[in-house]
Amino acid sequence: MPNPKRPDEAAFKEEYASLNAAQKKAVDSIEGPVMVIAGPGTGKTTILALRIANILRLTDTPPSGILAITYTDAGVKAMRKKLAHLIGTRAHEVHIHTFHGFAAAMMAEYQDHFLHVTDRRTMTDVEQESILRELIATPAYRELRPSGKPDAYIGALIRAISDAKRDALLSEDVRTFARAEMGRIKSDEDSISTRGKTKGQLKASAEESLKKCERTLLFADVYAEYEERKTANLLMDFNDLIIEFLTALKTDELLLRLIQERFLYILVDEHQDTNDAQNFIVEMLADFFDTPNVFIVGDEKQAIYRFQGASVENFLSLQKRWPNMEVISLETNYRSHQDILDAAFSMIENNYDEGEHQELRVPLVAGRDEKRRPIDIVTGENTAAIEKYLIDEIRALEKREPKASIAVITRRNRELERVLRVLESAGIAVSSERSVDIFTHPIGAAFFDLLEYLFDPTRVDALSRTMIVGLFGLSLEEAAEYVRHLRSGKPVDLEKKLPGLAHIRSELSSDGAVGFIVNACRHSGFLKLVAKDATGISVWRGII
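What comes next is a walk through the structure. (Residues numbered from 1 in each chain as written. Predicted model: local features only at pLDDT ≥ 70, side-chain atom pairs only at ≥ 80, totals over all residues. Heavy atoms only, no water.)

Focus: the side chain of Arg175
- Tracing the backbone through its elements, the reader meets Arg175 in helix α8 (residues 171–187).
- Owing to a relative accessible area of 12%, Arg175 belongs among the buried residues under this scheme.
- A distance of 2.7 Å separates a polar atom in the side chain of Arg175 from a polar atom in the side chain of Glu172.
- In contact with Arg175, not counting residues within four places along its chain, are Leu217, Ala220, Asp221 and Ala224. (Helix = DSSP H or I, 4+ residues; strand = E, 2+ residues; numbered from the N terminus. Buried < 20%, exposed > 50% of the residue type's maximum accessible area, 1.4 Å probe, protein only. Polar contact = N/O pair within 3.5 Å; in protein donor to acceptor, adjacent residues only side chain to side chain. Contact = heavy atoms within 4.5 Å.)

A short note on the sheet that holds strand β7 (residues 294–298)
- Taking strand neighbours across the sheet as the criterion, the six strands line up as β3-β2-β6-β7-β1-β8 in an open arrangement whose pairing is parallel. Two strands bound the open sheet, and with one partner strand each, they are β3 (95–98) and β8 (326–330). For this sheet, the mean inter-axis angle between neighbouring strands, taken without regard to orientation, is 15 degrees.
- Bridge analysis of strand β1 (residues 34–38) against β7 gives four bridges, and the strand direction is parallel. Each residue of the ladder has a partner; that of Val36, found in β7, is Val297.
- Against the sheet, helix α2 (residues 21–28) contacts β1, β7 and β8, and its axis sits at roughly 145 degrees relative to β8.
- Those strands touched by helix α4 (residues 73–87) are β2 (66–70) and β3, and its axis lies near 160 degrees from that of β3. (Pairing = 2+ DSSP bridges. Axes fitted to C-alpha atoms, helices over the stretch in contact; angles between N-to-C directions.)

Things to note about helix α24 (residues 536–543)
- Taken as a whole, α24 has its buried residues at Gly536, Val539, Trp540 and Ile543. The arc that holds the buried residues of α24, viewed along the axis, is 100 degrees, so those residues lie on one side.
- Close packing links the buried residues of α24 with α17 (442–455), α22 (513–524) and α23 (526–531). (Arc of directions from axis to C-beta.)

Here it is, written out as structure tokens:
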């Protein structure tokens, strides 16, 4: 009779037999610290699932004693699906999470250790912007409200706060760094001019650096007050889960030991994407053992440029912490032909200084028996010519391989929106797999302008913008005429000219939040505007 506590041996052996030598080594190395350098298409998900199954085969570790962390919810689903094929329903007993998901799960399970946050809820993007907008409206932050563009720094402040938290920096840490840097600049001999009219004075470059430090001090004040207001309103932002969890691990020894003793094996996928705060969590959990069973999978080539606080230093820090860490390189790619791999590698090599991270710069070898072909680099005289080429090429591919999926990658979001419009106008079915910033997207901005006017009827400038972009079913000529009347100060019967506005106002007090949004969008013509834009649906989903 098969042992229900062991993986499906036949399924494991079948999957294991298909591995190459390096992949088998990664699956077999279940004890001690192991780092796997794995580029795209090298079978990382398969390796992680098989290694978990192998731990259960060869040890008496329960599934609940294994922690696997990956970067995205999609990665969690893929790993659990692969694992379920190997060990059945007990795959759900293995703790597979994103970092935020893991923090949330532990905080929910050990609520007694997080009583100070049990009443808090995660704020919306709108609430976060509102807090910062109200905060910088005070006289102390006049510099952050440029004349004519009072919201110019809102986005930058949100990003800066997020970056600080990803690097596990509190407002006082930011303030301390800025003051130390100011002291260093002022005492540095190289900061003093030795020639011309400014001889003996600070160089212009030094003064500019000092101004940046002063702005950093101002940001530290905003950061501190933002945290105070957020806490007073029983709110948390997205990064607070990680910060609260990390702080608890640092200050609550019992909680740390409870979690350390619970997880005997730790696996981290896409480790190059971890930021400082997340990396600290991995280190603290693994430090329970002198030789921890920690398995790190990542691709340092994706971490050369810091993204969301991630950097190659995080990838290397664990190897420095555990010098006996075994390093395994997966060099076979099963996704692309060799010319693509060689071209990508040659470009990535430009990111390094000579001799830098030499042991991690692993060129990939194509594992598929696919015909090599040169990579086409196409240039055009103008945008229209490039777009025509794109349309013709996609149509040719669809005709040649009707079941194939085609990906179009752009450098910037605004370029992606243009591609979507071009392909839709050409009758080519297309979808976008990116999030849309509903606050900066023109359609999203129109919706929030409408809300601004409904909240404050004196904001006719906000109403004017909604009419210009096409709300209320107005033609451009009609909108321009109404805007001229509004700006001239002449009385305008808006509810007569814009009957949709009258409907919205009449339902303002009787609708719930979602009902109000839906009715406002319907009566203002917003939904018709959404239907005309390729990314409009994403904006609508974000608003709802």
